[in-house]
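# Summary of the model geometry
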Amino acid sequence: MTFDIIRKVVIKKYEGNINSETGQYDGLGSAVFYSNDKYTGDFHDGLLHGKGKYEWSDGVIYEGDLKENKISGEGVYRWKNGMKYTGSLLNSLRHGFGHLQTNITNTQFYDGEWENGSASGKGTCQLTSGKYIGEYKDSMRHGKGKMIYSSGNIYEGEWNNNRKVGFGKMTWTTTNEEYEGEWDNIPHGQGTYTWKLNRIRDHQFPCENMYKGNWVDGKRHGFGIFYYSDGSRYEGNWKENKKEGQGVYISSNGRVYNGIFINDKIKEGFEQFSNEIPYVFHLPKEFKSKQEETLRGLNAVIFRNSAFLRDIYHHYCLQTRKIPGYENKHVLSRSVLWHMLIECKTNMKGVSLASLDREYSKMFQEDPIHGNKYLDPHNPLMEFIFYDYLDYLVSVSYQIYKDFNQLSIHENRLAGCLEYFIKNDMMKNVNLDAFILTLLGDNKLFNSLLLEISKSHQPLMIEVYREICHRTPKSLPNSPCDLVITYREFLLMLKEYHIFAKYSKTLTISKLINVLQLLLPTIVEGNSINLELEMTLYGFEACFGLCINLALRQPIESRINGTNTTKVVDTVVSDTTEERERVVLVRRESIAKGKKTGESTWGKAIKSAEVVEVIKRPTNSSNKGRLVHQKSTGKTQHGDIKEDDHTINALVIDEENPLSKQFTS
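These notes cover the structure that comes with them. (Residues numbered from 1 in each chain as written. Predicted model: local features only at pLDDT ≥ 70, side-chain atom pairs only at ≥ 80, totals over all residues. Heavy atoms only, no water.)

Now for the overall build of the chain. Scanning the chain from N- to C-terminus turns up 16 helices and 34 strands. Counting only residues that meet the buried cut, the chain has 48% of its 665 residues in that class. Put simply, of all contacts in the chain between residues at least 6 apart along the chain, 40% involve residues at least 24 apart. For the chain, the accessible surface area stands at approximately 33200 Å², while carbon and sulfur atoms represent 49% of it. (Helix = DSSP H or I, 4+ residues; strand = E, 2+ residues; numbered from the N terminus. Buried < 20%, exposed > 50% of the residue type's maximum accessible area, 1.4 Å probe, protein only. Contact = heavy atoms within 4.5 Å. Areas by Shrake-Rupley, 256 points an atom, 1.4 Å probe, with all protein chains shown as cover.)

Moving on, we come to the pattern of salt bridges. Inspection of every chain in the model, using the stated rule, returns 19 salt bridges. Between E15 and K13 there is a salt bridge, with its nearest N and O atoms 3.5 Å apart. The class of E15 is partly exposed, set by a relative accessible area of 47%. Of the charged contacts, one joins R304 and E419 as a salt bridge, the two residues approaching to 2.6 Å between their closest N and O atoms. Of this pair, R304 sits in helix 2 (residues 291-304) while E419 sits in helix 8 (residues 413-429); the two residues are 115 residues apart in sequence, bridging distant segments of the chain. (Salt bridge = Lys/Arg side-chain N within 4 Å of Asp/Glu carboxyl O.)

For the structure shown, the criterion picks out 48 aromatic pairs. Sitting over the face of the ring of Y85, R94 holds its NZ or CZ atom 5.6 Å from the ring centroid. (Phe/Tyr/Trp six-rings, centres within 6.5 Å; stacked < 30°, edge-to-face > 60°. Lys NZ or Arg CZ within 6 Å of the ring centre and 35° of its normal.)

Most of helix 5 (residues 353-362) is tucked away: 7 of the 10 residues are buried. Buried residues of helix 5: L353, A354, L356, D357, R358, Y360 and S361, and no others. Residues of helix 5 that are buried make contact with helix 4 (334-343), helix 6 (372-375), strand 24 (383-384), helix 7 (386-401), strand 28 (534-535) and helix 14 (537-551).

Here we come to the layout of surface pockets. Estimated volume of the largest pocket: approximately 1100 Å³. C207, M210, Y227, K329 and E383 are, among the 39 residues lining the largest pocket, the residues nearest its centre. Put simply, the parts of the chain that give the lining of the largest pocket at least two residues each are strand 15 (177-184), strand 16 (187-195), strand 17 (209-216), strand 18 (219-227), strand 19 (233-239), helix 6 and helix 7. In the lining of the largest pocket, the residues fall into 12 nonpolar, 13 polar and 14 charged. Quantified by volume, the second largest pocket comes out at close to 690 Å³. Lining the second largest pocket are 26 residues, with H282, L283, K288, M363 and F364 sitting closest to its centre. Ranked by residue count, the leading element in the lining of the second largest pocket is helix 7, at 4 residues. Classifying every residue of the lining of the second largest pocket by side-chain character gives 10 nonpolar, 7 polar and 9 charged. (1 Å grid on protein atoms, 1.4 Å probe; cavity = no way out; pocket = protein on both sides within 12 Å on 5 of 7 lines; lining within 4 Å. Points joined across faces, edges and corners; volume = space filled by probe spheres on them. Nonpolar A, V, L, I, M, F, W, Y, C, P; charged D, E, K, R; others polar.)

Where burial is concerned, most of helix 11 (residues 487-496) is hidden: 9 out of the 10 residues are buried. Every buried residue belonging to helix 11 is among Y487, R488, E489, F490, L491, L492, M493, L494 and E496, and all of these are buried. Directly after helix 11, the chain includes H498, whose backbone phi takes a positive value near 60°.

Look at helix 4 against helix 7: their axes get within 13 Å of each other, and the N-to-C directions meet at 45°. With respect to helix 7, the axis of helix 4 lies oblique. The crossing of helix 4 and helix 7 is right-handed. Contacts between helix 4 and helix 7 involve R334, L337, M340 and L341 from the former and Y389, Y392, L393 and V396 from the latter. For the contact of helix 4 with helix 7, the class distribution of residues is 7 nonpolar, no polar and 1 charged. (Axes fitted to C-alpha atoms, helices over the stretch in contact; angles between N-to-C directions. Parallel < 35°, antiparallel > 145°, perpendicular 65-115°, else oblique. Left-handed = near helix turned anticlockwise from the far one by under 90°.)

With the exception of glycine, the majority of residues adopt a negative phi angle, and the majority of peptide bonds are in the trans configuration. For N161, which is not a glycine, the phi torsion comes out positive at approximately 50°. Position of N161 among the secondary structure elements: in the loop between strand 13 (154-160) and strand 14 (163-172). Assessed through its relative accessible area of 39%, N161 is described here as partly exposed. Although it is not a glycine, N176 adopts a positive phi angle of roughly 60°. Following the sequence through the fold, N176 ends up in the loop between strand 14 and strand 15.

Next up, the structure:
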């Protein structure tokens with residue numbers, strides 16, 4: 001009786017199936033309501049239930065699932081103005097995943113998650129103002145998301161009720177600027193703003209204008225550091241985008257002002273630029289009393305060799321830019337500077353890269369402005385603008401030649417060292433027509449490997465190196481990052497992760513020590529091998545390249561101790577030989593399956609290179625000999641090495657050395 005009353009009041013007309021027992025609409029049917037709405041589809045027990053199409057009198061159409069007179073399930077809404085929704089619904093509301101287009105051409109839409117009729121969750125929204133990909137709440141951008149504006153500008157970060165709030169990165173492609181940091185719809189809090197360069201010439205500017213520090217309401221306010229494109233910088237207080245109060249300005253030629261700034265200007269007392277002494281270098285203590293005379297002499301040497309020094313700097317800057325993070329800079333990284341020093345054959349002069357770094361860093365021990373150079377003397381990512389590069393050369397040349405008695409009598413001692421280093425080490429050895437990777441003569445494979453390691457895998461190499469480096473008796477006091485390893489520890493690491501055992505046919509301790517002489521000739525002293533020499537990241541990368549090179553069984557021609565005698569360490573049958581070797585590329589497999597649980601970082605590093613396994617190779621048994629460790633000297637007696645000595649057991653490990661026990665227990 002109730003159903004009959006509702007049917008007469010609500011439904012004007014019905015055509016379709018009716019249940020003979022209950023008299024209710026059941027099955028397919030169509031109904032016209034007194035509201036002039038129309039429905040065609042499934043009925044059950046007198047209710048709209050199943051698949052159907054409902055048309056409202058105002059032109060809105062729904063087609064899809066219904067459940068007990070409610071729109072629930074999957075369906076499609078269409079509006080007369082061209083809007084369309086396709087997706088999930090619950091109780092007549094958009095709920096679940098769905099696509100809403102707001103015009104006929106579908107150029108404006110939201111595609112994503114819904115909750116009770118509102119966009120909530122992850123979704124993509126395309127509007128005339130741009131495209132947003134990210135999280136929503138109550139139909140507003142809320143959470144993490146990326147907005148690509150119609151102008152091409154991009155913001156990616158945190159949102160709160162359609163406002164940029166929290167941490168985010170904004171890139172203005174129209175002006176080539178970028179801000180990354182904290183937001184309150186505009187930069188507010190800690191952040192970094194970069195004015196990027198469109199380089200016309202590589203050497204036009206070494207850096208980009210960049211500000212790192214505090215922001216208030218979109219302005220530089222509070223403490224911050226401004227890095228200028230010419231390499232100079234300001235560290236200090238800011239007020240509404242202007243330098244104000246205490247601050248330090250460091251010019252690109254080494255002059256420093258530490259004092260008060262008023263309305264973006266130095267108050268007083270800044271040393272003016274001098275044509276006679278354009279660069280103010282950091283000097284060893286013994287030259288402080290004759291600072292002006294010494295600086296004048298150094299600048300004269302630099303002036304005479306200016307074109308050459310700039311060409312060298314430019315050449316190595318191009319190599320630095322191949323390292324991720326340096327693509328749009330024209331500066332030297334310390335890692336590439338190490339390469340340059342090896343090219344200048346400093347490794348053959350009885351000094352190590354680690355000792356050169358330390359002596360340079362000592363000058364900054366009590367320097368409140370450049371103190372980071374003392375705290376982290378071997379940082380491979382430290383940037384050197386042209387002035388820093390010259391400053392470093394002054395220190396390096398003095399450390400090498402301070403006791404040399406054949407310097408020019410027309411120069412003061414420090415200037416004479418620099419002149420001699422430029423003429424006899426840089427000009428004679430640096431090849432401007434090619435990158436430095438000439439450590440092993442014409443071995444192109446090794447050169448390519450070492451370049452690839454520096455260019456593509458340096459972050460991983462740094463991670464691996466820092467896992468095992470430590471302080472030594474030579475480390476600078478109160479310098480927490482003066483950390484290195486020795487060549488012995490490098491070999492022990494190879495044993496720890498079964499590298500020698502894995503490639504016993506190609507990578508042997510004897511061959512590796514032979515070629516290590518190329519990297520550091522002083523590792524061999526008469527009949528002894530000194531494995532206690534320190535290894536910086538450069539040595540680590542180079543030794544890593546040597547390991548791969550030997551594993552690949554490629555020829556290495558070495559010039560021992562600078563002589564012209566060529567020694568073939570490992571021979572490979574050439575392509576012209578009838579019985580040449582067959583090699584098979586093995587997919588990136590894990591080599592490091594050592595005693596530690598899980599895969600080590602070293603294992604990840606080894607996996608970064610394709611390994612070549614030699615299937616067939618002529619036998620060469622001419623090399624025979626032994627390695628015996630001497631506890632008293634820390635050195636190893638060196639003769640000819642047996643060809644099949646493939647483990648570190650050829651070295652008798654000092655059982656009194658805790659480090660040895662760490663690797664062998």
